[in-house]
Amino acid sequence: MFDDYVEHPSAPGPDSAHPRGSLPTVQYEGFEPSPYDQDDNRADVFQDPTDVAPPAAPIFQLGEVQCPLSAPLVSLVVSSDSLFMGLANNLIIEIELSRAEQFIRIQIPRKPNEFAIHKLFLDPSGRHLLVTSLQGENWYFYRGWKKPKQLKGFKMVIESVAWNKAALLSSSHSTSTREILVGARNGTIYEAVLDAEEDFFKSQERYLQPVYTLPERHPVTGLKYDMFPPVDPKWALVLATTPTRIYEFVGKPARRSEEGGRVFTAFFGETAPKIVELPGNVDYSELHVYSPNADQAYSLPKIVAWMNAAGIYHGNLDFESKTDELIDSAELLPYPPVSSQSGNIPVSMALTEFHFLLLYRDRVLGISNLNEQLAYEELLPLKPNEQVRGLTSDPVRKTYWVYTDQAIWEIGVSNEHRDVWKIFLEQGKYDAALHYANSASQRDQIMSAQAKAFFNEGRYFQAAQCYAQCSVPFEEVTLKFLDAGERDALRSYLISRLERTRKTDLSQRMMLATWLVEFYLSKCNELDDLVASESVSQDVDNLLAERAILEDDLRHFFETYKANLDPRTVYELIQGHGRTDMYLHYAMVIGDYERVVEHWVMEEEWTKAIDVINRQSNLELYYRFAPVLMRQAPKETVDSWLRQRALDPLRLVPALLRLQHAPRDPLSPNHAVRYLNHVIFEQGNTSPTIHNLMITFYASTPQTTSTSSQNHPEDDGPLLRFLSTAPSDPLTGKPYYDLDYALRLCKQGGRTQPCVHIYSKMGLWENSVDLALEKGDLELAKINADMPEDDDQLRKKLWLKIAKYVVQDKQDIKMAMRFLENTDLLKIEDILPFFPDFVVIDDFKEEICTALEGYSAHIDALKAEMDEATKNAEAIKQDIAALQKRFITLDAHERCSACALPLMARQFYVFPCHHTFHADCLIGLTKEFLPAHALRRILALQTELMKTSQTTGIDRAAITNPSLIPAAAHTGRQPSTQRTLLSANFGSQGGPGRGGANAFGRSVLSAGDRLRDLIIPDALANLVTAPAGWIPGIGLGGGGAKRDAGEKDAEKAERMRKELEDVLAANCPMCESVIAGLDKPFVQPGEVDASWDL
């Protein structure tokens, strides 16, 4: 506050600086370096001389406020950083301490001889101000007004005012004071409500009524009230003081309204006060309360102090008290002797958290309210004839002000709780001292003193906890407890020290932890001895409970500090005390499961050993103890294996083999087989060893009776089920087990059905059928005979074996006849050779007749099918002939769909879709979408037709007019200028004979990527459309033999042209190209028009 206006006398002046030069050498006797390491907690207690702090600043510091006064100062009040001063010339000065440079002057419109300011009263929010006078005239000012307003109803000299702090601080916009209590000089207490809101029909005095009059009618010098509980007030505390008495009223107030008022009318009428009287010869006193959180609206005061002639009557306010007296631990503090000319009674006082500030005529004193010792004294720099007026405080901001008629001082309070811990330490209030301790050294002193006090009082466990938190040497504390025989308290001390030892101090932590283990074990044995003794039989239950708690503590200790214990040492300690349960628990805690399992195996506690193995994740323990556990507890062992899917079954094979020849109850399942089944079918194991081991168990299972498996086929059921359901290699289709090994085991065990099944797996169907027949199992033989489904010949052969067995070995003709009904592969004629020569036909006469009737019916069915096929062929021929007679009428001006030239100009084709093409246009379009095999056929026909036209060409004019055929056409010569059909490369590879043509055809077939280029539409069109008689050498006369040969050639050429025409004109190329060109772009390469490009 007022930093720009306050002069601090204790601040160094400009001449107080040290002169330049070297400082004198300072000796540090008694402040040697700490003997402890820097990381040791105790090093904080031992201060290094270089770390010694400079002397602390004083708690209270008096500073003068530079504030010019136009008249003598009469009264000063401060609240919520708002300061009001009342001058003798009836001028009120308002200062906002946050803007101290701005002064607001409010003038009371009265002359000094008519109105003399007596006191100012400011509410906690700093908004409402009451100005009282000795004449009984009172004025009211609200922050923000230009001028005050007179309270015409307030006709009394006001000595004290009690504000409604909760209502005023909780609402910053309210203009009402709510209910307030006013103490008058005539001993009457009034209840009033003021409201600064401008209302034409209402004055600011909303309510004023006397509620209580003191019996002695002395001035009410102090007045305070609080509602509690703060949020939902149901009770009220009112404190009122006179120069010699203090009144305490506790009761239920009337329900408060929103406007306030009339709360205490019935309160004082129903409540009898508690009165404390302290006689004196002064006519003034002061009442103060202190609240630690005064800036909070619903906070309650904690300390009350009443300054009177006898001293300071103070105590704590206990709002949770069950009685009507809320002032607790009330004491009277006499005033200290002061060599002052004005007497021993102070003029005014103020209350801080830990001190009483007393203002005398020439000085200010500060007395601790904890030990009642003088903590501060400072003389006031008064001028001649300067008169001290009072001491006031800001209850919200915790600032304190001294004022005279000419000056104002502010008492700065800093670090008031600095030495509080020492006072509480001297009083033995260690918890409070720890609360106010600020450094490690202070806390260490407090804990050391508290530990000694507890030890001297015999409270050893509390002393152990305190010793563990201070710097008293470990050896000293340990010897203290050992000398006192308090091993339990020593154990508590060691545990606390262990908890506070750094984790990097491995050796210290290990020694402490090991010592604690020995303490625990000794205590357990001690309790066991007490339980076993007869002298304390009546306390056995308590001892057993104590032992159980101690054992639980030891188990928890093992779990917490296992990293700080040496296993070998702990094992020796536990074994030395004979604590098997702790031995096993410690081993479990540190993960030494092998030791635990070994113990239970030696004790033959198989189930417990298996439980321990199940709790851990080390697979080696499963493998190590598998043989013995499988032998002694197979079911539990297999259950354990099934829960651990990470086990390698191959490493468990030795343990599984322990059960192969072990005696076993026939009614109990084979647990080795149960595990192998799980591994194979659930886990999908494909190891041949596991599969072979499964067959070994099934094949070597001892028979329950002496009969063979042939008489008890159900004994082979498990083995057969495994052989038939065992998974196979998806690549080879073969099972993972060794078929030869399985066959050998089954043969050794005399298991026929499994052998037959294995033969079938191996594809040896004949062996499987032979073995089944050898053992007389006809049904098994039938099943295997039907297995080769894709080889009917082999199946028939196998069935013939079975038939031969039935006829020759069984010699049962009727069975043989019934046997034929089981298969469709054999007929009666197939088995007739197996019958004896002198067999009587009557036994199978009906079967022979049935077979003949079946053959006859089959022949009739075939005949009917042939007749139906003949009729269908005739119908198809008729349809083809009808198609050849179809016709389409064309316009004479019709044009080719491809070249758009007149259609009648040359040979053309018309399709049912009404598309028309010239022959050469049709060929050019068709070759683009025909498949490769059709193109090869066209080239082959083209080659064959060319062989007949090697000597002469074909001229369309000669075709239409035979007289134009040149003579050379009849000699078989072709002019050298005749257009050739094929390229020179292909033409030079063959001669005119058949060998050249064949070579040419092979070349065409090998050039698949050039097939379309080899077809020449114009030339091919000439070949297709040329009549047979116009091909040279065909149909032009000659001798008889020559004529016959020419006719044959003409027929052949006509047949080839017909076939070529069928290939070319099979489909409309324009319609077919729509489907064939779905995957081709709309714009073909070379068709892009780039003339429009920029």
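These figures come from a predicted structure and were not determined experimentally.

## Regarding the pattern of salt bridges
Part 1: In the structure shown here, the tally under the stated rule is 33 salt bridges.
Part 2: Taking the shortest distance from any N to any O, the salt bridge between E457 and R459 comes out at 3.4 Å.
Part 3: A residue is classified by how much of its surface remains accessible, and E457, at 53% relative accessible area, is exposed.
Part 4: Since its relative accessible area comes to 38%, R459 is described here as partly exposed.
Part 5: Residue R579 pairs with E551 through a salt bridge whose shortest N-O separation is 2.7 Å. Placement of R579 in the loop between helix 11 (567-577) and helix 12 (580-589) and of E551 in helix 10 (residues 540-560) is noted, with a sequence separation of 28 residues between them. Across the pair, exposure class does not vary: R579 and E551 are buried alike.
Part 6: Via salt bridges that share partners, D528, R547, E551, R579 and D581 belong to a single interconnected network.

## Concerning the sheet that holds strand 6 (residues 99-107)
Part 1: Taken together, 4 strands build an open sheet; the order of strands is 3-4-5-6 and the sheet is antiparallel. Unpaired on one side and paired on the other, strand 3 (73-79) and strand 6 mark the two borders of the sheet. Averaged over all pairs of adjacent strands, the angle between strand axes in this sheet comes to 20°, irrespective of strand direction.
Part 2: Of the pairings in the sheet, the one linking strand 4 (residues 82-87) to strand 5 (residues 91-96) comprises 5 bridges and is antiparallel in character. Bridge pairing in strand 5 links F84 to E94.

## Some points on the packing of aromatic side chains
Note on aromatic pairs: each is described by the distance of the centres and the angle between the planes.
Part 1: According to the stated counting rule, one finds 32 aromatic pairs in the structure shown.
Part 2: On the numbers, 5.9 Å between centres and 15° between planes, the contact of F424 with Y436 is stacked. Separated by 12 residues along the polypeptide, F424 in helix 3 (residues 420-426) and Y436 in helix 4 (residues 430-436) bring together distant segments of the chain.
Part 3: On the basis of relative accessibility, which here comes to 9%, the residue F424 falls in the buried class.

## Regarding the confidence of the model for the protein
Part 1: Of all residues in the protein, 78% attain a pLDDT of 70 or more, and the chain-wide mean is 80.
Part 2: Long-range and interchain partners of residues 703-714, a stretch whose pLDDT sits below 50, account for 11 contacts in this model, where long-range means more than four residues apart.
Part 3: Taken together, the stretch residues 1028-1038 has pLDDT below 50 and engages in 24 contacts with residues farther than four places along the chain or on a different chain.

## Points about the packing of helix 20 (residues 717-725) against helix 22 (residues 752-761)
Part 1: Put simply, helix 20 and helix 22 touch, their axes get as near as 9 Å, and they point 10° apart. Accordingly, the angle class assigned to the pair helix 20 and helix 22 is roughly parallel. Between helix 20, through L719, L720, L723 and S724, and helix 22, the contact on the second element is made entirely by Q753, P754, H757, I758 and K761.
Part 2: Along the lines of polarity and charge, the residues of the contact of helix 20 with helix 22 split into 5 nonpolar, 3 polar and 1 charged.

## Remarks on a nonpolar patch on the surface
Part 1: Taken together, the side chains of V1074, I1075 and L1078 define a hydrophobic patch exposed on the protein surface, amounting to about 350 Å² of accessible area.
Part 2: Mapped onto the elements, L1078 comes out in the segment after helix 38 (1069-1076).
Part 3: Its relative accessible area of 71% is what places L1078 among the exposed residues.

## A few points about the pairing of strand 27 (residues 388-394)
Part 1: Of all 7 residues that make up strand 27, 5 are buried, and the element is covered over most of its length.
Part 2: Two strands pair when backbone bridges link them, and strand 27 and strand 28 (residues 399-404) are joined in this way by 6 bridges, in the antiparallel orientation. Opposite L391, over in strand 28, you have V402 as the bridge partner.
Part 3: From the end of strand 27 to the start of strand 28, which pair antiparallel, there are 4 residues, and K398 there has a positive phi angle of about 60°.

## Observations regarding empty space enclosed by the protein
Part 1: Under the definition given, this model contains 3 cavities of 30 Å³ or more.
Part 2: Put simply, the largest cavity is a space of about 140 Å³.
Part 3: Lining the largest cavity are 14 residues; nearest its centre among them are N164, K165, A166, D226 and M227.
Part 4: Elements that contribute at least two residues to the lining of the largest cavity include exactly helix 1 (165-170) and strand 15 (222-228).
Part 5: Ranked by residues supplied to the lining of the largest cavity, first place goes to strand 15 with 3 residues.

## Looking at helix 12
For the α-helix, the turn length of 3.6 residues means that residues three or four positions removed from each other point alike.
Part 1: With 8 of 10 residues buried, helix 12 lies mostly within the body of the structure.
Part 2: Those residues of helix 12 not exposed but buried are M582, Y583, L584, H585, Y586, A587, M588 and V589.
Part 3: On its buried face, helix 12 sits against helix 10, helix 11, helix 13 (593-602) and helix 14 (606-615).
Part 4: Immediately beyond the C-terminal end of helix 12, within one or two residues, lies G591, with a positive phi of roughly 85°.

## A few points about the nonpolar core
Part 1: Counting residues in hydrophobic clusters, the biggest one holds 99 residues, and the most contacted among them are Y467, F481, Y493, F558, W641 and L656.
Part 2: Broken down by element, this core gets its largest block of residues, 9 residues, from helix 9 (residues 506-532).
Part 3: Excluding anything up to four places from it in sequence, W641 contacts Y622, A626, M630, L647, L652, A655, L656 and Y675.
Part 4: Core analysis: the second largest hydrophobic core is formed by 33 residues, V74, F84, W145 and L168 among them.

## Here's the deal with the environment of K1052
Part 1: Its place among the elements puts K1052 in helix 37 (residues 1040-1064).
Part 2: Placed 107 residues apart in sequence, K1052 and L945 show a C-alpha to C-alpha distance of 9.3 Å.

## A few points about the packing of helix 19 (residues 688-699) against helix 21 (residues 739-748)
Part 1: It is the contact of helix 19 with helix 21, at a shortest axis distance of 10 Å, that shows an interaxial angle of 10°. In terms of orientation, helix 19 and helix 21 fall into the roughly parallel class. Together, N692, I695, T696 and A699 of helix 19 and Y741, A742 and L745 of helix 21 make up the contact between the two elements.

## Observations regarding the sheet that holds strand 11 (residues 158-162)
Part 1: If you walk across this open sheet you meet the 4 strands as 11-12-13-14, and the pairing is antiparallel. The open sheet has two free edges, formed respectively by strand 11 and strand 14 (205-213), since each of these has just one partner strand. Strand-to-strand twist across the sheet, computed as the mean angle between neighbouring axes with direction ignored, equals 25°.
Part 2: Note: strand 12 (residues 176-184) against strand 13 (residues 188-195), 6 bridges, orientation antiparallel. Looking at strand 13, one finds that E179 is bridged to V193.

## Comments concerning a negative patch on the surface
Part 1: Residues D318, E320, E325 and D328 make up a contiguous surface patch of negative charge.
Part 2: With respect to the helices and strands, D318 occurs in the loop between strand 21 (312-317) and strand 22 (327-333).

Parameters and conventions
Residues numbered from 1 in each chain as written. Predicted model: local features only at pLDDT ≥ 70, side-chain atom pairs only at ≥ 80, totals over all residues. Heavy atoms only, no water. Salt bridge = Lys/Arg side-chain N within 4 Å of Asp/Glu carboxyl O. Buried < 20%, exposed > 50% of the residue type's maximum accessible area, 1.4 Å probe, protein only. Helix = DSSP H or I, 4+ residues; strand = E, 2+ residues; numbered from the N terminus. Pairing = 2+ DSSP bridges. Axes fitted to C-alpha atoms, helices over the stretch in contact; angles between N-to-C directions. Phe/Tyr/Trp six-rings, centres within 6.5 Å; stacked < 30°, edge-to-face > 60°. pLDDT = per-residue confidence, 0-100. Contact = heavy atoms within 4.5 Å. Parallel < 35°, antiparallel > 145°, perpendicular 65-115°, else oblique. Nonpolar A, V, L, I, M, F, W, Y, C, P; charged D, E, K, R; others polar. Patch = residues over 30% accessible without salt bridge, like charges linked within 9 Å, V, L, I, M, F, W, Y side chains within 5 Å. Areas by Shrake-Rupley, 256 points an atom, 1.4 Å probe, with all protein chains shown as cover. 1 Å grid on protein atoms, 1.4 Å probe; cavity = no way out; pocket = protein on both sides within 12 Å on 5 of 7 lines; lining within 4 Å. Points joined across faces, edges and corners; volume = space filled by probe spheres on them. Core = buried A, V, L, I, M, F, W, Y, C linked by side-chain atoms within 4.5 Å. Lys, Arg positive; Asp, Glu negative; His and termini not counted. Charge placed at Lys NZ, Arg CZ, Asp CG, Glu CD.

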